[in-house]
Amino acid sequence: MTTHTEALKELLFQLADDDFLISYRGSEWLGLAPHIEEDVASSSITQDTMGHATMYYNLLEELGAGNADALAHLRPSAERRNSILAERVNGEGYYMETPIYDWAYAVVRNYFYTQAKRVKIDSLRESSYAPLAEGAVKVSMELHYHLMHWRTWFTQLLSSTDEAKERMNKAIQLVMEDFGDIFSYGQYKEAIESEGLIASEDELTKSWLAALTPVFASLGLEVPKIPVPTKNGRNGEHTEELDAAIATLSEVYRLDVEAVW
Amino acid sequence: MTVLTPLTNESIYGALMNVKDPEIDTVSILDLGMVENVTVEGNDVKVVLLPTFLGCPALEIIKKNTVEAVQELPEVSEVEVEFIFSPPWTSDRITEQGHVGLRKFGIAPPPRHFEEDGSWHVDCAYCGSTYVTMDNIFGPTACRSILYCKSCKNVFEAMKPVSTLM
């Protein structure tokens, strides 16, 4: 039997880890975006998103789950609850050496992810857990600009040259392969859905499809099907890409965990 | 709650006037509408602040500066500063004085109205011209956008409007 607090913590870990990992991947793009204005924009979005992760980790700390910084940096991959999509690398190569990152993949991943976050946040505004509902109102205002940004890139590139369309369609396929656990609550599905903390997996999926359908229709495309997950990040199943990410992002923190930044 | 000393909310608000935005020194946290509440218990002061943007790295600096500014009042013993999310900070909390301070810094204050499609317009922070274009809705900090004035040919910034309707 899962208690209310356990279900709440599980949900918070899913939300926190999602935003934490996707913003880590965003931070790897710093200095590499296609042009300088985009570097300003996407790093600003990444900074906001890291702030959202911090808010969730702070809520977890208040619930006695442990220190927020430690939760972000020190948990091994098996304890992480983020979706597979959030942990994926940006492309081949290491950002300190010769990164061959794929901007089409970045645009599609961020657009689909941000739209998924939009429907979750809309639902969380009505959450039975008041601190989470209050935080969602704050996140919502910032997310408005993020979604507008990624939707603009998405529609413009898909209305552009043949090469752009081809690369975007390839990116859509790649992103969708990992999209199976985005709306999954994993093994805590029943507990999370019955507590009024957030809408059901099915409701969120429907809202996401409804939001994307007119955008796809305007581009003469159909919204791709969400697959059944082969790995479910909500249950702590992850790729080696997450292990590598954790090792890198926690390197400085682990040097001196008592340090004040 | 009894106030036995001459410590008044007035003197505390006076001190808070000196806590400037670390990146925009012409506006205080009061001008920005970040101060939600001040309570005094004996000689202890609690200041409740609203973060503008959740990921703003200036928040910790603002917290530290707030503690130091209030601590300077001779009657004060303990100072506590807390950030809360509810009510959320929205750009319409910026006062008239705040608008003046922002313009002085070359930043257009946030517009009070949105168009039906969610877009918004500001005039040039320098010359007041309405012939401006949006260069980047994101800017050097989370709360700012970058625009270009076609009249005076200056790049200027605007405080990004945020509202609970978003």
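In every chain, residue numbers begin from 1 and rise along the written sequence. Each chain gets a letter, beginning with A, and each ligand a number, beginning with 1, in the order they are written. The predicted origin of the model limits local features to residues at a pLDDT of at least 70 and limits the giving and counting of side-chain atom pairs to 80 or more, whereas totals for whole chains, interfaces and linings rest on all residues.

- In the nomenclature of an unreviewed UniProt entry, chain B corresponds to 1,2-phenylacetyl-CoA epoxidase subunit PaaD from the organism Sporosarcina soli.

- Under an unreviewed UniProt entry, the name given to chain A is 1,2-phenylacetyl-CoA epoxidase subunit PaaC, and the organism recorded is Sporosarcina soli.

## Considering the overall build of chain A
No. 1: Per the secondary structure count, chain A includes 11 helices and 2 strands.
No. 2: For chain A, the C-alpha atoms occupy an extent of roughly 50 × 45 × 35 Å along the three principal directions.
No. 3: Exposed residues have 12 or fewer other C-beta atoms within 10 Å of their own C-beta, buried residues have 20 or more, and residues in between are partly exposed; the C-beta atoms are placed from the backbone. For chain A, with 261 residues in total, the buried portion stands at 44%.
No. 4: A separation threshold of at least 6 residues defines the contact pool for chain A, and within that pool the share at least 24 residues apart is 74%. We count a stretch as a helix when DSSP gives it H or I for four or more residues in a row; a strand needs E for two or more, and each element gets its number in order from the N terminus. Working definition of a contact: two residues with C-beta atoms, positioned from the backbone, lying within 7 Å.

## Focus: the domain arrangement of chain B
Residue and element names in this part refer to chain B.
No. 1: If you check the domain split of chain B, you get domain 1 (9-83) and domain 2 (107-159).
No. 2: Segmentation into domains, and thus their bounds, comes from an automatic or database assignment. Here the C-alpha centre of domain 2 lies 28 Å away from the C-alpha centre of domain 1.
No. 3: With 6 residues of domain 1 in contact, the opposing surface of domain 2 contributes 4 residues.
No. 4: Following the grouping adopted for this structure description, the nonpolar residues are Ala, Val, Leu, Ile, Met, Phe, Trp, Tyr, Cys and Pro, the charged ones are Asp, Glu, Lys and Arg, and the polar ones are all others, Gly among them. Each residue belonging to the side of domain 1 that touches domain 2 can be placed in one class, and the counts come to 3 nonpolar, 2 polar and 1 charged.

## Re the UniProt feature "domain: PaaD zinc beta ribbon" (unreviewed entry) in chain B
No. 1: UniProt positions are given in the numbering used here, feature names are shortened, and annotations may be inferred rather than shown by experiment. What UniProt calls "domain: PaaD zinc beta ribbon" (unreviewed entry) maps, in this numbering, to residues 109-160 of chain B.
No. 2: The distance from the first to the last C-alpha atom of residues 109-160 of chain B is 8 Å, and the span holds 0% helix and 31% strand.

## Some remarks on the sheet that holds strand 6 (residues 107-108) of chain B
Residues and elements named next belong to chain B.
No. 1: Two strands qualify as a pair provided that DSSP identifies no fewer than 2 bridges between them. With mixed pairing, 4 strands are arranged side by side in an open sheet as 6-9-8-7. One side of each edge strand has no neighbouring strand; the edge strands of this open sheet are strand 6 and strand 7 (132-136).
No. 2: Pairing of strand 8 (residues 144-149) with strand 9 (residues 155-159), which is carried by 5 bridges, proceeds in the antiparallel orientation. What sits directly across from Arg-144, in strand 9, is Met-159.

## Considerations on the sheet that holds strand 4 (residues 44-49) of chain B
Residue and element names in this part refer to chain B.
No. 1: Spatially, 3 strands are ordered 3-4-5 in an open sheet, and the strand pairing comes out mixed. With one partner strand each, in any of the chains shown, strand 3 (35-41) and strand 5 (79-83) form the two edges of the open sheet. The average undirected angle you get between the axes of adjacent strands in this sheet is 15°.
No. 2: In this structure, strand 4 lies alongside strand 5, joined through 5 bridges in parallel fashion. In the sheet register, Leu-49 faces strand 5, and the bridge partner there is Phe-83.
No. 3: Between N-to-C directions, angles span 0 to 180 degrees; the directions come from axes that are lines fitted to C-alpha atoms, helices contributing only their stretch in contact. Helix-sheet contacts for helix 1 (residues 9-16) involve strand 3 and strand 4, and the interaxial angle to strand 3 is about 135°.

## Some thoughts on the environment of Leu-157 of chain A
All names here are of chain A.
No. 1: Note on placement: Leu-157 falls in helix 6 (residues 130-158).
No. 2: Overall, Leu-157 belongs to the partly exposed group, with 18 C-beta atoms counted inside 10 Å.
No. 3: Spatially, the C-alpha atom of Leu-157 lies 9.2 Å from that of Arg-167, the residues being 10 residues apart in sequence.

## Focus on the packing of helix 2 (residues 36-62) of chain A against helix 6 of chain A
All names here are of chain A.
No. 1: Orientation of helix 2 relative to helix 6, taken along the N-to-C sense of each, is 165°, at an axis distance of 11 Å. Comparing the axis directions of helix 2 and helix 6 gives the class roughly antiparallel. The way helix 2 lies across helix 6 gives a crossing that is left-handed. In contact with Ala-41, Ile-45, Asp-48, His-52, Met-55 and Leu-59 of helix 2, helix 6 contributes Pro-131, Leu-132, Gly-135, Val-139, Glu-142, His-146 and His-149.
No. 2: In terms of residue class, the contact of helix 2 with helix 6 is made up of 7 nonpolar, 4 polar and 2 charged. Put simply, angles under 35 degrees are roughly parallel, angles over 145 are roughly antiparallel, angles from 65 to 115 are roughly perpendicular, and the rest are oblique. Left-handed is the label given to a crossing in which the near helix is rotated counterclockwise from the far helix by less than a right angle, and right-handed is the label when the rotation is clockwise.

## Regarding the packing of helix 1 (residues 4-27) of chain A against helix 2 of chain A
Residues and elements named next belong to chain A.
No. 1: Contact geometry of helix 1 with helix 2 gives a least axis separation of 8 Å together with a crossing angle of 155°. Between helix 1 and helix 2, the crossing angle belongs to the class labelled roughly antiparallel. When you trace helix 1 past helix 2, the crossing you get is left-handed. For the pair formed by helix 1 and helix 2, the contact residues are Lys-9, Leu-12, Phe-13, Leu-15, Ala-16, Asp-19, Phe-20, Ile-22, Ser-23, Gly-26 and Ser-27 on the first element and Ser-42, Ile-45, Thr-46, Thr-49, Met-50, His-52, Ala-53, Tyr-56, Tyr-57, Leu-59 and Leu-60 on the second.

## Side note on the nonpolar core
No. 1: Within the largest apolar cluster, 101 residues are counted, with the highest numbers of intra-cluster contacts made by Leu-12, Ala-16, Tyr-56, Val-107 and Val-108 of chain A.
No. 2: The greatest single-element share of this core, amounting to 13 residues, is contributed by helix 5 (residues 103-124) of chain A.
No. 3: The two domains that each donate at least three residues to this core are domain 1 (9-83) and domain 2 (107-159) of chain B.
No. 4: If we ignore the near neighbours within four places in the chain, the residues touching Leu-12 of chain A are Tyr-56, Leu-59 and Leu-60 of chain A.
No. 5: Definition of nonpolar core: a set of buried Ala, Val, Leu, Ile, Met, Phe, Trp, Tyr and Cys residues joined via C-beta atoms within 7 Å. Within the second largest apolar cluster, 5 residues are counted, among which are Ala-41, Ile-45 and Tyr-145 of chain A together with Ile-137 of chain B.

## With respect to the interface of chain A and chain B
No. 1: On the side of chain B, 16 residues touch chain A, which itself brings 21 residues to the contact.
No. 2: By residue number, the principal contributor to the side of chain A that touches chain B is helix 2 of chain A, which donates 11 residues.
No. 3: Of the residues in the side of chain A that touches chain B, the class split is 9 nonpolar, 7 polar and 5 charged.

## Some points on helix 9 (residues 201-218) of chain A
All names here are of chain A.
No. 1: With 18 residues, helix 9 should reach 26 Å at 1.5 Å per residue; the first-to-last C-alpha distance of 27 Å fits that figure.
No. 2: Think of it this way: the bend at a residue is just the angle between two axes, each fitted to seven residues, one set ending at that residue and the other starting at it. In helix 9, a bend of some 30° at Leu-212 exceeds every other bend along the element, and Pro-214, a proline, comes one to four places later.
No. 3: Within the span of helix 9, buried status applies to Leu-204, Trp-208 and Leu-212.
No. 4: Packing partners of the buried residues in helix 9 comprise helix 5. Between the first and last residue of a helix there are one fewer steps than residues, each counted as 1.5 Å, and that sum is the expected span.

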